[in-house]
Amino acid sequence: MRRTLIAGNWKMHGQMNSIRELMSGISEQLQSDWRCEVLVCPPAVYISTVKQLIGDKTVSLGAQNVSEQVQGAFTGEVSADMLTDIGCQYVLVGHSERRSLYGESDELVADKFAAALKAGLKPVLCIGETLEQRENGTTMNVVKQQIDAVINLLGIDGLAKGVIAYEPVWAIGTGVTASPEQAQEVHAAIREHLKQSCTSAAQNTQILYGGSMKAANAEQLLAQPDIDGGLIGGASLKADEFIAICKVAG
Ligand code: 13P
């Protein structure tokens, strides 16, 4: 049985005051009987502050990016060990903004995935097609290639130690959500692809949906059999909205 994971990707938003406000808004409304796991991924410089604000509440903590390198002269980079050291359990790798704006290749993303696992972090592998790729009918080729870069490096067992987040690029920050049927179709195909390497990995790997998810559409998306949670951008910056999504997840 896969546990539902509701993750907030705060991207490069907020400052000390607004981040305190957001985190206390989330903490105050959390309920201990929810079955879903709640994860927040603040900007790197605020992770330690958020860790303190979480206190004894059950909220998991993640970063939005990590270096593929272990340590050394890599100005501006943050290592996986550093993230573990300050209390992260998760890290996003290969978010579409990193792939498109910072030129991260499938191979680099796979190296980051490996670095995260080595440091004891759970990587969330973000994958997804552009609008052009969808219209060309190459969605599944694209996402399979993004997944296979990790399988080629670490095997299916390595991949299965992380989480997959399917985020169609055309749905990110656009207000255009994939329909539940569109999302389910890709999620099921991803699971089928994993099954070709290992049935139990396919059954156990959490596959999140991301892209304009909000309280109003979460219920239908989360009701799909192969959607195991959400990776939420804009709507995770409003405590009430984020909490409403967590409530839907139960
Ligand atoms: P939005 O929810 O703002 O569309 O962003 C999704 C996303 O990129 C989460 O990683």
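As shown above, the structure is provided for reference.
Residues numbered from 1 in each chain as written. Predicted model: local features only at pLDDT ≥ 70, side-chain atom pairs only at ≥ 80, totals over all residues. Heavy atoms only, no water.

Student: Could you clarify how one ought to interpret the packing of helix α5 (residues 106–118) against helix α7 (residues 139–159) in this entry?
Tutor: The relative placement of two packed helices is expressed as an angle between their axes plus a distance between the axes. Axis separation between α5 and α7 bottoms out at 7 Å; the angle between their running directions is 25 degrees. The orientation of α5 with respect to α7, classified from their angle, is roughly parallel. With respect to the hand of their crossing, α5 and α7 are arranged in right-handed fashion. For the pair α5 and α7, the contacting residues are Asp106, Glu107, Ala110, Asp111, Phe113, Ala114 and Leu117 in the first and Gln145, Gln146, Ala149, Val150, Leu153, Leu154, Gly158 and Leu159 in the second. A class-by-class count of the residues in the contact of α5 with α7 yields 9 nonpolar, 3 polar and 3 charged. (Axes fitted to C-alpha atoms, helices over the stretch in contact; angles between N-to-C directions. Helix = DSSP H or I, 4+ residues; strand = E, 2+ residues; numbered from the N terminus. Parallel < 35°, antiparallel > 145°, perpendicular 65-115°, else oblique. Left-handed = near helix turned anticlockwise from the far one by under 90°. Contact = heavy atoms within 4.5 Å. Nonpolar A, V, L, I, M, F, W, Y, C, P; charged D, E, K, R; others polar.)

Student: It is not clear to me how the packing of aromatic side chains should be interpreted in this structure. Could you clarify?
Tutor: Under the defined criterion, the tally for this structure stands at 1 aromatic pair. Between the NZ or CZ atom of Arg98 and the centre of the ring of Tyr102, over which it lies, the distance is 4.3 Å. (Phe/Tyr/Trp six-rings, centres within 6.5 Å; stacked < 30°, edge-to-face > 60°. Lys NZ or Arg CZ within 6 Å of the ring centre and 35° of its normal.)

Student: How should α7 be read in this particular structure?
Tutor: A turn of α-helix holds 3.6 residues, and therefore any two residues three or four places apart point the same way. With 21 residues, α7 should cover 30 Å at 1.5 Å per step; its first-to-last C-alpha distance of 20 Å lies more than 12% under that length. Of all the bends found along α7, the most pronounced is centred on Leu153 and spans about 100 degrees. Every buried residue belonging to α7 is among Thr139, Val142, Val143, Gln146, Ile147, Ala149, Val150, Ile151, Ile156, Gly158 and Leu159, and all of these are buried. (Expected span 1.5 Å × (residues − 1). Bend = angle between axes of the 7 residues up to and from the residue. Buried < 20%, exposed > 50% of the residue type's maximum accessible area, 1.4 Å probe, protein only.)

Student: What is the right way to look at the pattern of salt bridges in this model?
Tutor: Any two side chains of opposite charge can pair, so long as their charged atoms come close to each other. Enumeration over the complete set of coordinates arrives at 8 salt bridges. The salt bridge partner of Arg191 is Asp228, with a shortest N-O separation of 2.8 Å. Of this pair, Arg191 sits in helix α8 (residues 180–195) while Asp228 sits in the loop between α10 (215–222) and β8 (229–232); the two residues are 37 residues apart in sequence, bridging distant segments of the chain. With relative accessibility at 8%, the residue Arg191 sits in the buried group. Asp228 gets classed as buried once you look at its relative accessible area, which sits at 6%. (Salt bridge = Lys/Arg side-chain N within 4 Å of Asp/Glu carboxyl O.)

Student: So what exactly am I meant to see when it comes to the site of the ligand here?
Tutor: By nearness alone, 13 residues border the ligand, and Lys11, His95, Gly173, Ser212 and Gly234 come closest of all. Ser212 places a polar main-chain atom, nitrogen or oxygen, 2.7 Å from an oxygen atom of the ligand. Backbone polar atom of Gly234 to an oxygen atom of the ligand: 2.8 Å apart, as the coordinates give it. Within the complex, 95% of the 310 Å² of free accessible area of the ligand lies under protein. Among the residues making up the shell around the ligand, the classes are represented as 4 nonpolar, 7 polar and 2 charged. (Near = heavy atom within 4 Å. Polar contact = N/O pair within 3.5 Å; in protein donor to acceptor, adjacent residues only side chain to side chain. Areas by Shrake-Rupley, 256 points an atom, 1.4 Å probe, with all protein chains shown as cover.)

Student: For this particular structure, what's the right way to read the environment of Ile232?
Tutor: Within the secondary structure layout, Ile232 lies in strand β8. A relative accessible area of 0% places Ile232 in the buried class. Between the alpha carbons of Ile232 and Gly158 there is a distance of 25 Å; along the sequence they are 74 residues apart. With sequence-adjacent residues up to four places away left out, Ile232 is seen in contact with Ile6, Ala7, Gly8, Asn9, Met213, Phe242 and Ile245.

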